[in-house]
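Residue-level structural notes
These are the residues of each chain, in order.
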Amino acid sequence: MQNPYGHALQQCFGRWIWLTVRVLSSSEHEEPPQQMYIRYQAGVPNHRGIFPGVFGLANILAREGKLSDAEWAAWRSGNDWFNAAYPDPAASNPDVYNPQVNPSAAAWFKDTATHLLERVEPYLELLARHGVEVVRLASVDPGRIIYEDTVQIVVVPHESPS
């Protein structure tokens, strides 16, 4: 086995010093950090067994007329901003959310999409005011990716072992 340590003479602040350095083998190099994915969804499944995401939950409240005028304005403004801020997966793949093709498809933010994640908080506050339970999920492997862009993925969750 080779000695992994070596020596180097280096100038530091005008003085020469001896350094002992350790050369890492390829198996000792740190792995780059894995992409993390974030999802906010209902804490309980709906009647179809699906856990709607944060936007779907807020849209239900709006559609059912449960929002005050101020809440409706904030929800509408938020949805308009998000619609302009990133691509709609269904625009490039109409089957991505098709319940016959991908019945449990779910969108996840990439953790690098901080400009989007920062703007989720008003939705969480709105849902909390209306007693809607929301959970935050984080995963490096949330499922089989059926759509991806720079800020999000849509996945079909992995089958849970029976």
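Here's what I pulled together on the structure shown here. (Residues numbered from 1 in each chain as written. Predicted model: local features only at pLDDT ≥ 70, side-chain atom pairs only at ≥ 80, totals over all residues. Heavy atoms only, no water.)

1. Focus on the overall build of the protein
In terms of regular secondary structure, the protein is built from five helices and seven strands. Along the protein, helices (α) and strands (β) appear in the sequence β-β-β-α-α-α-β-α-α-β-β-β when read from the amino end. When the 162 residues of the protein are sorted by exposure, 31% land in the buried category. Restricting the contact set of the protein to residue pairs at least 6 apart, pairs at least 24 apart contribute 62%. In the form shown here, the protein has an accessible surface area of approximately 11,100 Å², with 54% of it arising from carbon and sulfur atoms. (Helix = DSSP H or I, 4+ residues; strand = E, 2+ residues; numbered from the N terminus. Buried < 20%, exposed > 50% of the residue type's maximum accessible area, 1.4 Å probe, protein only. Contact = heavy atoms within 4.5 Å. Areas by Shrake-Rupley, 256 points an atom, 1.4 Å probe, with all protein chains shown as cover.)

2. Regarding the packing of helix α1 (residues 54-63) against helix α5 (residues 121-129)
Interaxial distance between α1 and α5 falls to 10 Å at its minimum, and their mutual angle equals 50 degrees. Relative to α5, α1 is oriented oblique. Classified by chirality, the crossing of α5 by α1 is left-handed. Contact residues: α1 offers Val-54, Phe-55, Leu-57, Ala-58 and Leu-61, while α5 offers Tyr-123, Leu-124, Leu-126 and Leu-127. Residue composition of the contact of α1 with α5, by class: nine nonpolar, no polar and no charged. (Axes fitted to C-alpha atoms, helices over the stretch in contact; angles between N-to-C directions. Parallel < 35°, antiparallel > 145°, perpendicular 65-115°, else oblique. Left-handed = near helix turned anticlockwise from the far one by under 90°. Nonpolar A, V, L, I, M, F, W, Y, C, P; charged D, E, K, R; others polar.)

3. Focus: the side chain of Lys-110
Mapped onto the elements, Lys-110 comes out in strand β4 (residues 106-110). Separated by 2.8 Å, the side chains of Lys-110 and Glu-148 make a polar contact. Those residues in contact with Lys-110 that lie beyond four places of it in its chain are Gln-35, Met-36, Tyr-37, Leu-117, Glu-148, Asp-149, Thr-150, Val-151, Gln-152 and Ile-153. (Polar contact = N/O pair within 3.5 Å; in protein donor to acceptor, adjacent residues only side chain to side chain.)

4. Brief notes about α5
Taken as a whole, α5 has its buried residues at Tyr-123, Leu-124, Leu-126 and Leu-127. Buried residues of α5 fall within an arc of 160 degrees about the axis and therefore sit on the same side. In α5, those exposed residues whose orientation departs by more than 90 degrees from the buried face are Ala-128 and Arg-129. Those residues of α5 that are buried lie in contact with β3 (37-42), α1, α2 (69-85) and β5 (134-139). (Arc of directions from axis to C-beta.)

5. Considerations on the sheet that holds β3
Strand order in this open sheet of five strands is β5-β3-β4-β7-β6, and the pairing throughout is antiparallel. The open sheet has two free edges, formed respectively by β5 and β6 (143-148), since each of these has just one partner strand. Going from strand to strand, the sheet's axes swing by 35 degrees on average, the running direction of each strand aside. As paired elements, β4 and strand β7 (residues 152-157) share four bridges and run antiparallel to each other. Each residue of the ladder has a partner; that of Phe-109, found in β7, is Gln-152. (Pairing = 2+ DSSP bridges.)

Keep in mind these values describe shape, not function.
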